[in-house]
Every structure is written in C-alpha cells, then in structure tokens.
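Coordinate analysis (summary)
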Amino acid sequence: MSSTILVVEDEPAIQELIAVNLSFAGHKVLRAFDADQAQTLIRAELPDLILLDWMLPGTSGLAMARKLRNDERTRAVPVIMLTAKGSEQDKVDGLEAGADDYITKPFSPRELVARLKAVLRRATPVDSESPIEIGGLLLDPVSHRVTIDGKPAEMGPTEYRLLQFFMTHQERAYTRSQLLDQVWGGNVYVEERTVDVHIRRLRKALGEAYENLVQTVRGTGYRFSSKS
C-alpha cells in the first residue's frame, strides 16, 4: 500500500538514498533538510509517517519529535528516528521524545523499508469497531480516540495500540516478548526495553486516575487490571 513519507534529513546523500528506495517501494516521498522545512510541508500535506534525523541544523530531531507529539494534528503520525547515536540511553531518549521506532546509522535500505512497513502496519490495524469502556476510560476504534472522563487523552499511536490490546485482554500477565509480538506485530528489530518506555508513556497519558490499571508483574511483565 502506498503511503506518503516525510524524510527530514540534512545530509543530501542519505536523503537521496532514502527517497529513492522509498519511491521504488511505491511510496510518495516528501523531503526536508530541517525542522522548519518539515513543518511547512506538514502544514500543506499531513504525511502517513515521518522519518526524522536526530541531528538537524537549528531545531534538533528530538525537539521536533516532542513538538509533533504535542500537536493535536500530528500526534497520531508515526515517527521513526534516524541517528548515528546508538547507545541504549540514546534509544530511550528518542522513544520517550515520541518516536515509535529507532534506526541507527548506517542502515541497509532493505531494513529501513521493512521497519517502515512494520510501523505503518501497527498504526493502521484492523480491529473490532465496538468501543471499549472501563469506568471513565473510553477507547473508540472507529474514531481512533481515547477519552478520560469525557476529555480527550493525548497519546501516540503505539500507546494507543498498547492500550487497545490491554483493554481487550484484561486480567492476564504478558511478558515483554509477548507484548512485542501482539502490539508490535512480531517485528524482530524492536528491543524488549522498548516496551518499558511505551508503558511509561501510556501511564503518563492515562494520568493519576487510571495509570494504576497498567500493573507491573514482577518477574513476568505487565497486566491490565481494575483490581488492586
């Protein structure tokens, strides 16, 4: 399926390599060399996914990712960070800034296309259309929205998928590996530590009233339960 991909990369050779491979895979490619150009393109056409380099002139990719997540229009757009930074903490920083995946340079075009396909698949799941409600927490698969006590809850697409899985599979403990298989679609590139980052982001989005629904099961993983 063809998607519109915004590539925000300031190195011309890398940008060209990415654009050629994505175009060959059937996607429409928008290009920007910095955050300002990217915002101009986003205002004109909302992309289906954003490939965002960490090191950009002016505003960093990390700062831009946070801005995208704080903007209602772009909150649900998946973001993949591209960076030469490969430490575990750098990956955690990127994920906590709002990225849905993280690719370390150098990478193969084949890997890039596979990771992009996996993120797009997660962002557009085929699910039941029936709303799910627990107390004042409501998830509506049709509008792809979550409300808490009637007010919109701010969360990214991965947190939405994680919450949807939890709300439809309550009272059972899942390992990080099982959650990766169920929520991330068995994408072998995603590390188990990624689950912990998104759990923290989901709890933050749920707020004090509902964060305790996502429970840590020591020695196993996580469980979604309204019971203490």
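Residue positions are counted from 1 within each chain, in the order its sequence is given. pLDDT decides what is reported in this predicted model: residues at 70 or higher carry local features, side-chain atom pairs at 80 or more are listed and counted, and totals for whole chains, interfaces and linings draw on all residues regardless. Side-chain calculation: all heavy atoms of the structure are included, whereas hydrogens and water are not.

Attention now goes to the packing of aromatic side chains. We call Phe, Tyr and Trp rings a pair once their centres come within 6.5 Å, taking the six-membered ring for Trp, and we label the pair stacked below 30 degrees between planes, edge-to-face above 60, and tilted otherwise. For the structure shown, the criterion picks out four aromatic pairs. Seen from their ring centres, Phe-165 and Phe-166 are 6.4 Å apart, and the 50° between their planes marks the pair as tilted. Both residues of the pair, Phe-165 and Phe-166, count as buried. Three or more aromatic residues link up through ring pairs in this structure, and these residues are Phe-165, Phe-166, Tyr-174 and Phe-224. When accessible area is computed with a 1.4 Å probe and restricted to protein chains, residues below 20% of their type maximum are described as buried, those above 50% as exposed, and intermediate ones as partly exposed.

For helix α3 (residues 61-70), the complete set of buried residues consists of Gly-61, Leu-62, Met-64, Ala-65, Leu-68 and Arg-69. Angularly, the buried residues of α3 cover 160° about the axis, an arc narrow enough to put them on a single face. Along α3, exposed side chains directed more than 90 degrees from the buried face belong to Lys-67 and Asn-70. Next to the buried residues of α3 lie α2 (35-44), β3 (49-53), β4 (79-83), α4 (88-96), α6 (157-168) and α8 (193-210). Numbering of helices and strands runs from the N terminus, with a helix taken as a DSSP run of H or I at least four residues long and a strand as a DSSP run of E at least two residues long. Read the arc as the range of directions from the helix axis to the C-beta atoms. It only takes one pair of heavy atoms within 4.5 Å for two residues to be counted as in contact.

This paragraph deals with the sheet that holds strand β6 (residues 132-134). Paired strands, as defined in this entry, are two strands with at least two bridges between them according to DSSP. Across the sheet, which stays open at both edges, the four strands sit in the order β6-β7-β8-β9 with antiparallel pairing between neighbours. The sheet is open, and its two borders are formed by β6 and β9 (151-152), each paired with just one other strand. Bridge count for strand β8 (residues 145-148) against β9 is two bridges, and the pairing is antiparallel. Pairing of Ile-148 across the sheet is with Lys-151, part of β9. Angles here are taken between N-to-C directions and fall from 0 to 180 degrees, while the axes themselves are lines fitted to C-alpha atoms, restricted in helices to the stretch in contact. Strand contacts of α6: β6, β7 (137-140) and β8, with the helix running at about 110° to β7, the strand carrying the most contacts. Against the sheet, α8 engages β6, β7 and β8, with an angle of about 25° to β8.

So, about the side chain of Asp-53. One can find Asp-53 in strand β3. Dropping the residues within four chain positions of it, Asp-53 is found in contact with Val-8, Glu-9, Asp-10, Gly-61, Leu-82, Thr-83 and Lys-105.

Before going further, it helps to spend a moment on the environment of Leu-22. Tracing the sequence through the fold places Leu-22 in helix α1 (residues 12-24). Put simply, Leu-22 and Glu-159 are 137 residues apart on the chain and 26 Å apart in space, counted from C-alpha to C-alpha.

Our next topic: the pairing of β8. With burial as the criterion, only one face of β8 is covered, namely that bearing Val-146 and Ile-148; the residues Arg-145 and Thr-147 on the opposite face remain uncovered. The pairing of β7 with β8 spans four bridges and is antiparallel. Each bridged residue has a counterpart across the sheet, and for Leu-138 the counterpart in β8 is Thr-147. The loop that links β7 with its antiparallel partner β8 comprises four residues; one of these, His-144, has a positive phi angle of about 60°. The turn joining β8 and β9, which pair antiparallel and follow one another in sequence, is formed by two residues; a positive phi near 50° is taken by Asp-149.

Moving on, we come to the nonpolar core. A general tendency of soluble globular proteins is for nonpolar side chains to be buried together. Residues Leu-137, Leu-163, Phe-166 and Phe-224 are the most contacted members of the largest nonpolar core, which totals 29 residues. Among the elements of the structure, β6, β7, β8, α6, α7 (176-183), α8 and β12 (221-224) are those that each provide at least two residues to this core. The residues contacting Phe-166, other than those within four sequence positions of it, are Leu-179, Ile-199, Leu-202, Val-214, Tyr-222 and Phe-224. In these notes, a set of buried Ala, Val, Leu, Ile, Met, Phe, Trp, Tyr and Cys residues joined through side-chain atoms within 4.5 Å is what counts as a nonpolar core. Core analysis: the second largest hydrophobic core is formed by 21 residues, Ala-35, Leu-52, Val-79 and Ala-99 among them.

With that settled, consider the pairing of β12. Regular strands place side chains that alternate from one sheet face to the opposite one. For strand β10 (residues 173-175) and β12, the ladder comprises three bridges, and the chain directions are antiparallel. When the bridges of β12 are listed, Tyr-174 appears paired with Tyr-222. For strand β11 (residues 214-217) and β12, the ladder comprises four bridges, and the chain directions are antiparallel. Across the sheet, residue Gln-215 finds its bridge partner in β12, namely Arg-223. Adjacent in sequence and paired antiparallel, β11 and β12 are bridged by three residues, among which Gly-219 carries a positive phi angle near 85°.

Below, the discussion takes up the sheet that holds β12. Across the sheet, three strands lie side by side as β10-β12-β11; this open sheet has antiparallel pairing. For this open sheet the edge positions go to β10 and β11, each flanked by a neighbour on one side alone. Strand-to-strand twist in this sheet, taken as the mean axis angle between neighbours without regard to direction, amounts to 35°. With respect to the sheet, α6 is in contact with β10, β11 and β12, its orientation differing from that of β12 by roughly 65°. Along the sheet, α7 makes contact with β10 and β12, crossing β10 at roughly 90°.

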